[in-house]
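Inside the fold
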Amino acid sequence: MLIQTEYEFTLPKGYVDSRGTLHRQGVMRLATALDEIEAMKHPGIKGNQDYLSVVLLSRVVSKLEGVDEITPELIGKLFTADFTYLQNMYETVNKAEDPMIQVQCPHCGKSFTDTLNFAIGE
């Protein structure tokens, strides 16, 4: 059995670089124990525990179209909607079990529970 370790995403708003270029497509990989340990050692965490999410996301977002390096500074410049999206994605893909969500059919109005999955084609 192969385990999926990378997940593609599209940021809701997108990262705008210093030249005004919009970047939305990216890839997040599963976190490792070392990612979490090393993130805790980052100097920016000492005065602000909330910065941990920024550092952790900079380690697991492995690609963002047209961007050479994903840094905590870049993650910190994301719009709030994009940052929240990546935080939710991180929590979802790194959970041991498949997350469940309540959904409603837009056609018939019936509500049901389904598995939330960021994997492509599922």
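Refer to the preceding data block for the structure.
Bringing the sheet that holds strand β1 (residues 6-16) into the picture now. The antiparallel open sheet is built from three strands, whose spatial order is β1-β2-β3. Two strands bound the open sheet, and with one partner strand each, they are β1 and β3 (61-64). Neighbour-to-neighbour, the strand axes of this sheet turn through a mean angle of 30°, independent of strand direction. Sheet analysis places β1 next to strand β2 (residues 22-29), joined by seven bridges and oriented antiparallel. Across the sheet, the residue bridging to phenylalanine 9 is glycine 26, located in β2.

In this section: helix α4 (residues 80-93). Relative to the 20 Å expected for 14 residues at 1.5 Å per residue, α4 spans 20 Å between its end C-alpha atoms, a close match to the ideal helical length. Listed as buried for α4 are Asp82, Phe83, Leu86, Met89, Tyr90, Thr92 and Val93. Buried residues belonging to α4 abut β1, β2, α1 (33-41), α2 (51-60), β3 and α3 (72-76).

What follows is about empty space enclosed by the protein. If you walk through the whole model with that rule in mind, you get one cavity of 30 Å³ or more. Size it by volume and the largest cavity reaches roughly 30 Å³. If you go around the largest cavity, the residues you meet are Phe9, Leu11, Val61, Leu64, Ile70, Leu74, Ile75, Leu78 and Leu86. The set of elements that each furnish at least two residues to the lining of the largest cavity consists of β1, β3 and α3.

So, how was this worked out
Residues numbered from 1 in each chain as written. Predicted model: local features only at pLDDT ≥ 70, side-chain atom pairs only at ≥ 80, totals over all residues. Heavy atoms only, no water. Pairing = 2+ DSSP bridges. Helix = DSSP H or I, 4+ residues; strand = E, 2+ residues; numbered from the N terminus. Axes fitted to C-alpha atoms, helices over the stretch in contact; angles between N-to-C directions. Expected span 1.5 Å × (residues − 1). Buried < 20%, exposed > 50% of the residue type's maximum accessible area, 1.4 Å probe, protein only. Contact = heavy atoms within 4.5 Å. 1 Å grid on protein atoms, 1.4 Å probe; cavity = no way out; pocket = protein on both sides within 12 Å on 5 of 7 lines; lining within 4 Å. Points joined across faces, edges and corners; volume = space filled by probe spheres on them.

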